[in-house]
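# Report on the structure
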Amino acid sequence: MRFEGTAGYVATDDLKVAVNAAATLRRPLLIKGEPGTGKTVLAGEIARSFGAPLIEWNVKSTTKAQQGLYEYDAVSRLRDGQLGDARVRDISNYIRRGKMWEAFTSPALPVLLIDEIDKADIEFPNDLLTELDRMEFDVYETGERVIAAQRPIVIITSNNEKDLPDAFLRRCFFHYIKFPDRSTMEAIVAVHFPDITGQLVREALNIFYDIREVPGMKKKPSTSELLDWLKLLMHEDLPLDVLKSRDTKTLIPPLHGALLKNEQDVMLFEKLAFMSRRGGGQG
Amino acid sequence: MFLNFLTELRVAKIPASLKEHLTLLEALRADVIDFRVEQFYYLSRSCYVKDEGLLDRFDQVFGKVFKGIETIIDTGTAEIPEEWLRKVAELHLTEAEMADIQKLGSWDEIMATLKQRLEEQKGRHEGGNKWIGTGGTSPFGANGYNPEGVRIGQDAGRQGKAIKVWDKREFRNLDATVELGTRNIKVALRRLRRFARDGAADELDMDATVSGTAKKAYLDIVMRPERHNAVKVLLFLDVGGSMDPFIKLCEELFSAARSEFKHLEFFYFHNCPYEALWQDNRRRWTERTPTMDLLHKYPHDYKLIFVGDASMSPYEINYPGGSVEHWNEESGETWLRRMLDVYPAAVWLNPIPEASWGHGQSIQMMKTIMEDRMYPLTLGGLDGAMRELTRAR
Ligand SMILES: Nc1ncnc2c1ncn2[C@@H]1O[C@H](COP(=O)(O)OP(=O)(O)OP(=O)(O)O)[C@@H](O)[C@H]1O
Ligand SMILES: [Mg+2]
């Protein structure tokens, strides 16, 4: 069982090593990196490559660790009790299984994605330490103990909004997805648009990497923005020289809406274009 | 051998523990990687480093510990440096053997003997690979030592371009020790906010204490962390020098975090604090706050943060009348010490890169007066300073 990337995902060598280490030793793999660098889709690709089911747990600011194990729906039970429903006698009717439970009891070895763990409360990772370590937990209401038949492959992503506790980190393998360099990016583009012309990619990447260098941007465009933009460019079938001519008028790239998602960034570019036009006029 | 690696990482302040180390050994034993050095680099990086800010430091340590090991693109074999092999030799040959060979002749002979010894080991299919002290596999071959894959010493006639991923230092700009700038100011702010919150002490939870006491029928005192805005800070900024842009940055940083602090007051000084400070730069000569008043006005649980390059003539620090701008009756040092006596929690942030501090006499003097609590104006420095300020004193 080795992860070598997939037809739809370009994995660098260091990423492969990290994934294979985590998958072999069945320790969680913590993935960080700029937004849009493929952290979330990675888990799905690992699942696909191993032929394993993917179980996704998307963490929000209100998510509690316990919800990943199970929740006891006391309100429903109270209601059923008032209505005289027979189900009320069996408390297990009111236990809602969480994603971890699902992963622990999955018949086939699953990939469990815990996406954006840093969104939750600072205690969240600590609350999952033993469960991730031992891959088992107790259901107090029923006295049942849920034990993983086989340790799932666990992929955890973070956008760095909060630091994660040391005890948690010690249990993980770690990989930081470096922003793709040009050749990696070309490979990623090729995976998504096998029919795109080399020339369009070249010109578009020139502009794309230039834009990322502009100081003072609020949100630098990333892989996902680039892919959206390329799709538009292909769809519009713009003549290539619109991209190639890098004079003052095109300082704002064509169809920039896909690349610049932030109002202030668009204004920044308009200002820069204006200044360079003025500079050019005087010069 | 690998323990040495771990030690070096820890010396470089990468918080790798034995737990990570064992994980690495386990992964090696499980054949997660093949015998290429690069793969070993990726694997150990993934085990030891859990913070992208430390990746660059890791690269440097790796480069140092495994100096001379190069991956040859065309064959993917590794070159092992002599000094490393020397260590391996120490493990595989007894001390007496080593001494004998050394007495007899050259290093080459030791190498030859070692090579032979390793060959034998391989022939006997012994799992006894002592490099990593686990009896497991070595990173350079699934079946223990692999003499074909490894060449001893440097062989100049060798074809092929050598690359070392770790030498590319691709993670340099993620390092927490680069100076603060617009790039990382958001992160800095986040840390400052955390400081403002974590710096809080416990307070009595009155409601919980009352109900707890009623329920338990004995006095049940419940404490809880004091809510936000508990930290009180006096910020002293050195203005009017070459460091103004950095000072400005720092000022903005703290202003942005202002709502998180219970109290945050700005004061300005030039080069060194003396008997008076000012709060508005436009009225720096007309509206001055006597330092003595400040000491009386703000209670001693305020925390002091000085920001300045501490670069000046030594007279400006330790002589009365040494100030370049006015006649000071008492030396800057006297005033600084007076401030530090009142406020036990204090730090100095210095925008000058830490590596150059040794060159400035005045920086050293200030640092001594600050009892070493001087930190560079970097993310890492800011962290260190905040940690120092929250330390119970
Ligand atoms: N290495 C890659 N190979 C193929 N596609 C990629 C790669 N990296 C990113 N992409 C594409 O970029 C897009 C964004 O990926 P994804 O949503 O996983 O990013 P993310 O890192 O999770 O972002 P965020 O931090 O915003 O959640 C996806 O459409 C994905 O297909
Ligand atoms: Mg994502």
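Each remark here, short or long, concerns the structure printed above.
Throughout what follows, the structure given in this document is the object of discussion. Quantities reported herein were computed from a predicted structural model and do not represent experimental measurements.

On to the overall build of chain A. A count of helical and extended segments in chain A gives 13 helices and nine strands. With 283 residues in all, chain A has 46% of them scored as buried. Long-range pairs, those at least 24 residues apart, make up 74% of the contacts in chain A with a sequence separation of at least 6. When the accessible surface of chain A is split by element, carbon and sulfur atoms take 50% of a total near 14,100 Å².

So, about empty space enclosed by the protein. Residue and element names in this part refer to chain B. Using the criterion set out here, one finds five cavities of 30 Å³ or more in the structure. Put simply, the largest cavity is a space of about 90 Å³. The computed volume of the second largest cavity comes to approximately 50 Å³. Counting residues per element, the lining of the second largest cavity draws most heavily on helix H2 (residues 18-29), which supplies three residues. When the residues that make up the lining of the second largest cavity are grouped by side-chain class, the tally is three nonpolar, one polar and six charged.

In an α-helix there are 3.6 residues to a turn, and that puts residues three or four apart on one side. Taking 1.5 Å per residue as the helical rise, helix H10 (residues 198-213) of chain A with its 16 residues ought to reach 22 Å, and the 23 Å between its terminal C-alpha atoms agrees with that figure. Along H10(A), the positions that sit buried rather than exposed are A:Leu200, A:Val201, A:Glu203, A:Ala204, A:Leu205, A:Ile207, A:Phe208, A:Tyr209, A:Ile211 and A:Arg212.

Turning to the nonpolar core, a few remarks are in order. In terms of nonpolar packing, the biggest core is built from 85 residues, with A:Ile155, A:Phe168, B:Phe5, B:Leu43, B:Tyr48 and B:Phe58 touching the most fellow members. Broken down by element, this core gets its largest block of residues, eight residues, from helix H1 (residues 13-25) of chain A. Ignoring any residue separated from it by four or fewer positions in sequence, one finds B:Leu43 in contact with A:Val17, A:Ala21, B:Leu24, B:Ala27, B:Leu28, B:Val32 and B:Ile33.

This next bit is on the interface of chain B and chain A. Facing 27 residues of chain B, the contacting portion of chain A comprises 24 residues. Taken together, the two surfaces of chain B and chain A that pack against each other cover about 2,300 Å², and 54% of this comes from carbon and sulfur. In terms of surface lost to chain A, no three residues of chain B exceed B:Val32, B:Lys50 and B:Glu52, which account for 27% of the buried area on that side. The interface formed by chain B and chain A holds three salt bridges in total.

We now examine a nonpolar patch on the surface. Among the surface-exposed residues, B:Leu3, B:Leu18 and B:Leu22 lie close enough to one another that they form a single nonpolar patch of about 310 Å² accessible area. For B:Leu18, a relative accessible area of 52% puts it in the exposed group.

Moving on to the pattern of salt bridges. For the structure on display, the rule yields 25 salt bridges over all chains. The network of salt bridges with shared partners includes A:Arg134, A:Glu136, A:Asp138 and A:Arg145.

Attention shifts here to the site of ligand 1. Residue and element names in this part refer to chain A. As a matter of local geometry, ligand 1 sits amid 17 residues, with Val-10, Gly-36, Lys-39, Thr-40 and His-192 nearest to it. Between ligand 1 and Gly-36 there is a distance of 2.7 Å, counted from an oxygen atom to a backbone nitrogen or oxygen. Separating an oxygen atom of ligand 1 from a backbone N or O atom of Val-41 is a distance of 2.9 Å. If ligand 1 stood free it would expose 640 Å²; the protein chains cover 80% of that surface. Of all the elements in the fold, those that place two or more residues in the shell around ligand 1 are helix H2 (39-50), helix H9 (182-192) and helix H11 (223-236). Grouping the amino acids of the shell around ligand 1 by side-chain chemistry returns six nonpolar, nine polar and two charged. When residues of the shell around ligand 1 are assigned to domains, at least three map to each of domain 1 (13-177) and domain 2 (182-278).

Glancing now at the side chain of A:Glu45. All names here are of chain A. As for its position among the elements, Glu-45 is in helix H2. The exposure class assigned to Glu-45 is buried, which follows from its relative accessible area of 9%. Polar side-chain contacts of Glu-45 include one of 2.5 Å to the side chain of Thr-6. Beyond its immediate stretch of four places on either side in the chain, Glu-45 contacts Phe-3, Thr-6, Gly-8 and Tyr-9.

All names here are of chain A. Read from one edge of the open sheet, five strands run S2-S5-S8-S1-S9, paired in parallel fashion. The sheet is open, and its two borders are formed by strand S2 (54-58) and strand S9 (173-177), each paired with just one other strand. Neighbour-to-neighbour, the strand axes of the sheet open up by a mean angle of 20 degrees, direction not taken into account. In the sheet, S2 pairs with strand S5 (residues 111-115) via five bridges, with the strands oriented parallel. Directly across from Asn-58, in S5, lies its bridge partner Asp-115.

Each value, and the rule that gives it
- Residues numbered from 1 in each chain as written.
- Chains lettered and ligands numbered in written order.
- Predicted model: local features only at pLDDT ≥ 70, side-chain atom pairs only at ≥ 80, totals over all residues.
- Heavy atoms only, no water.
- Helix = DSSP H or I, 4+ residues; strand = E, 2+ residues; numbered from the N terminus.
- Buried < 20%, exposed > 50% of the residue type's maximum accessible area, 1.4 Å probe, protein only.
- Contact = heavy atoms within 4.5 Å.
- Areas by Shrake-Rupley, 256 points an atom, 1.4 Å probe, with all protein chains shown as cover.
- 1 Å grid on protein atoms, 1.4 Å probe; cavity = no way out; pocket = protein on both sides within 12 Å on 5 of 7 lines; lining within 4 Å.
- Points joined across faces, edges and corners; volume = space filled by probe spheres on them.
- Nonpolar A, V, L, I, M, F, W, Y, C, P; charged D, E, K, R; others polar.
- Expected span 1.5 Å × (residues − 1).
- Core = buried A, V, L, I, M, F, W, Y, C linked by side-chain atoms within 4.5 Å.
- Buried area = accessible area lost by both parts, 1.4 Å probe.
- Salt bridge = Lys/Arg side-chain N within 4 Å of Asp/Glu carboxyl O.
- Patch = residues over 30% accessible without salt bridge, like charges linked within 9 Å, V, L, I, M, F, W, Y side chains within 5 Å.
- Near = heavy atom within 4 Å.
- Polar contact = N/O pair within 3.5 Å; in protein donor to acceptor, adjacent residues only side chain to side chain.
- Domains from an automatic or database assignment.
- Pairing = 2+ DSSP bridges.
- Axes fitted to C-alpha atoms, helices over the stretch in contact; angles between N-to-C directions.

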